[in-house]
Amino acid sequence: MKIFRTIREMQKFSRQQQRMGKTIGMVPTMGYLHEGHLSLIDAAKNHADIVIVTIFVNPTQFAPNEDLASYPRDFKRDSQLCETSGVVAIFAPETEEMYADNCTTWVNENELSKGLCGKSRPEHFRGVTTIVAKLFNAVLPDVAVFGQKDAQQAAIICRMVRDLNFPIKIIVSPLIREPDGLAMSSRNRYLSETERQQAPVIFQVLQAAKIDIEQHGLPNNPESVVNSIRTAIEASGGKIDYIQIMDNETLKPISATTTEILIAVAVFFGKTRLLDNILIR
Ligand code: PAF
């Protein structure tokens, strides 16, 4: 497995592979890989001849008060996991390689990124779309895989790829859970023992709401679903950032054209902000 630190080397390798007729699947990550990331690598393998994983803790998607400095990193373990998962190359640049000192160009998605996480993290998605566009230009993938865990991020990336005509197919891969239902995340390690025991309530209530909607349809007043999710999570010690029921593609309220309903939540247990969501077809 190869490890590239510069954009030039990365592009050279990708172009060589493409000249040999190979399609490239890219899995963008911030490292500290877990089962969820490995499932994205598997999805990429199913859609492309070779898989390249990017590992870059992107400073521009963290606000000054967020966990950039303490974000977990373990490159040695990540590269071992990539190697055993059949990844052909890792692109792991330093910050200076990705951002010039006087960098003044940004990629902004102006609709989907305003609500949900965008409300409490106003600069976050500008950082995500900018770095993903830059990583696309470095890795030159045919296919890129994102996790459903970050449903809003996935919708924004699909919109960016459509709007900026990137010749890249986006695959959104299902969310992977711990055996007790907690959505896998690199940030789960911040939870105390008690918080870790409380947090699976998120999945339990989302799953109960899904079963209810599948059996009885969405009530005329979706707020009643939101309220029952809120009550159950708060009773288990969680503090709600948001709970929203919406159209999975537009992230707008459910309408006659909705084919997939998304219920998305962001919840604090202690200082740790956890994201989760469930899709209802
Ligand atoms: O989902 C993530 O890990 C990050 O937001 C991404 C897509 C790698 C961009 O930094």
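Anything mentioned here points back to the structure above.
Residues numbered from 1 in each chain as written. Predicted model: local features only at pLDDT ≥ 70, side-chain atom pairs only at ≥ 80, totals over all residues. Heavy atoms only, no water.

**Brief notes about the overall build of the protein**
Here is the rule we go by: Strands are runs of DSSP state E lasting at least 2 residues, helices are runs of H or I lasting at least 4, and numbering of each runs from the N terminus. Computation of the radius of gyration draws on C-alpha atoms alone. For the globule rule, the value is 2.2 Å times the number of residues to the power 0.38. Type-normalised accessible area, obtained with a 1.4 Å probe on protein chains alone, sets the label of each residue: buried when under 20%, exposed when over 50%, and partly exposed for intermediate values. Here a residue-residue contact requires only that any non-hydrogen atoms of the pair lie within 4.5 Å. For accessible areas, the Shrake-Rupley method is used with a probe of radius 1.4 Å. Any residue's cover is judged against the shown protein chains and nothing else. When charges are counted, neither His nor the chain ends are considered; positive counts come from Lys and Arg and negative counts from Asp and Glu. Every charge is mapped to an atom, namely NZ of Lys, CZ of Arg, CG of Asp or CD of Glu.
Each helix and strand counted, the protein has ten helices and nine strands in total. For the protein, the C-alpha radius of gyration of 19 Å lies close to 19 Å, the compact-globule estimate for 281 residues. Along the longest, intermediate and shortest principal axes, the C-alpha atoms of the protein span 55 × 45 × 40 Å. In the protein, which comprises 281 residues, the proportion classed as buried is 52%. Sequence separation of 24 or more characterises 73% of the internal contacts of the protein that already satisfy a separation of 6 or more. Within the structure as shown, the protein displays about 13,900 Å² of accessible surface, and the carbon and sulfur contribution to it stands at 49%. When the 31 basic and 32 acidic side-chain charges of the protein are each reduced to a single mean position, those positions are 4 Å apart.

**Focus: helix α7 (residues 151-163)**
Formally: Helix span, as expected, comes to 1.5 Å for every residue beyond the first.
Taking 1.5 Å per residue as the helical rise, α7 with its 13 residues ought to reach 18 Å, and the 18 Å between its terminal C-alpha atoms agrees with that figure. When you tally the buried positions in α7, you get ten out of 13 residues, the bulk of the element. Residues of α7 that are buried: A151, Q152, Q153, A154, A155, I156, I157, R159, M160 and V161. Next to the buried residues of α7 lie α5 (117-120), α6 (124-139), β5 (143-147), β6 (169-173), β8 (261-269) and β9 (272-280). Positive backbone phi, approximately 55°, marks N165, located one or two places after α7.

**Thoughts on the packing of aromatic side chains**
We count it as follows: Planes of paired rings set the category: under 30 degrees apart is stacked, over 60 is edge-to-face and the rest tilted, where pairs are Phe, Tyr or Trp rings (Trp by its six-membered ring) whose centres lie within 6.5 Å. Note on criteria: charge over ring means Lys NZ or Arg CZ within 6 Å of the ring centre, with the direction from the centre no more than 35 degrees off the ring normal.
A full pass over the atoms with the stated rule returns five aromatic pairs. Residues F136 and F166 carry aromatic rings whose centres are separated by 5.3 Å and whose planes lie at 70° to one another, so their mutual orientation is edge-to-face. Here F136 is found in helix α6, whereas its partner F166 is found in the loop between α7 and β6, with 30 residues between them in sequence. Taken as a pair, F136 and F166 share a single burial class, namely buried. Looking at R5, its charged tip hangs above the ring of F75, at a distance of 4.7 Å from the centre. Of note, R77 hangs over the ring of Y32, and the distance from its end group to the ring centre comes to 5.9 Å.

**Details of the pairing of β5**
Quick reminder of the rule: Any two strands with at least two DSSP-identified bridges between them are counted as paired. Crossovers are marked right-handed if the path from the first strand over the helix to the second runs clockwise, as seen with the strands pointing away from the viewer.
In terms of residue burial, β5 counts as a mostly covered element, since five of its five residues are buried. Both faces of β5 are covered, namely the face carrying V143, V145 and G147 and the face carrying A144 and F146. Here strand β2 (residues 24-29) pairs with β5 via two bridges, running parallel. Counted as the bridge partner of G25 is V143 from β5. A crossover links β5 with its parallel partner β6, the connecting element being α7, and its sense is right-handed.

**Points about the site of the ligand**
The cut-off we apply is this: Here a residue is considered near a molecule or strand provided that any single heavy atom belonging to it is located within 4 Å of it. Under this definition, polar contacts are N or O atom pairs within 3.5 Å; protein pairs additionally need one hydrogen-donor-capable and one acceptor-capable atom, and for neighbouring residues in sequence, both atoms have to be side-chain atoms. Following the grouping adopted for this structure description, the nonpolar residues are Ala, Val, Leu, Ile, Met, Phe, Trp, Tyr, Cys and Pro, the charged ones are Asp, Glu, Lys and Arg, and the polar ones are all others, Gly among them.
Residues in contact with the ligand, as listed here, are P28, T29, M30, N58, Q61, I131, V132, F146, D150 and Q153. One nitrogen or oxygen atom from the side chain of Q61 is found 2.6 Å from an oxygen atom belonging to the ligand. Q153 places a polar side-chain atom, nitrogen or oxygen, 2.7 Å from an oxygen atom of the ligand. A total of 290 Å² of accessible area belongs to the ligand in isolation, and the protein chains cover 88% of it. Counting only elements with at least two residues in the shell around the ligand, the list comes to β2 and α6. Across the shell around the ligand, the residue classes tally to five nonpolar, four polar and one charged.

**Some remarks on the pattern of salt bridges**
Put simply, the rule is: Basic side-chain nitrogens of Lys or Arg form a salt bridge, by our definition, when they fall within 4 Å of a carboxyl oxygen of Asp or Glu.
Scanning the model with the defined rule gives 13 salt bridges in all. Between R230 and E234 there is a salt bridge whose closest N-O contact spans 4.0 Å. In this pair, R230 and E234 are both assigned in helix α10 (residues 223-235), four residues apart and thus about one turn of the helix distant. For E234, a relative accessible area of 41% gives the class partly exposed. Ionic contacts of the salt-bridge type, sharing partners, join the residues E111, R159 and K252 into one network.

**With respect to the sheet that holds β2**
Inclusion rule: Structural elements are reduced to axes, namely lines fitted to C-alpha atoms, with helices fitted over the stretch in contact, and the angle between N-to-C directions of any two is expressed from 0 to 180 degrees.
An order of β1-β4-β3-β2-β5-β6 is seen for the six strands of this open sheet, with the pairing classed as parallel. Edge positions in the sheet fall to β1 (2-4) and β6, since each of these pairs with one other strand and no more. Across the sheet, the mean angle separating the axes of adjacent strands is 25° when strand polarity is ignored. Relative to strand β4 (residues 89-91), β1 is paired through three bridges, and the arrangement is parallel. What sits directly across from I3, in β4, is I90. Sheet strands touched by α7: β5 and β6. Its angle to β6, the strand with the most contacts, is close to 170°.

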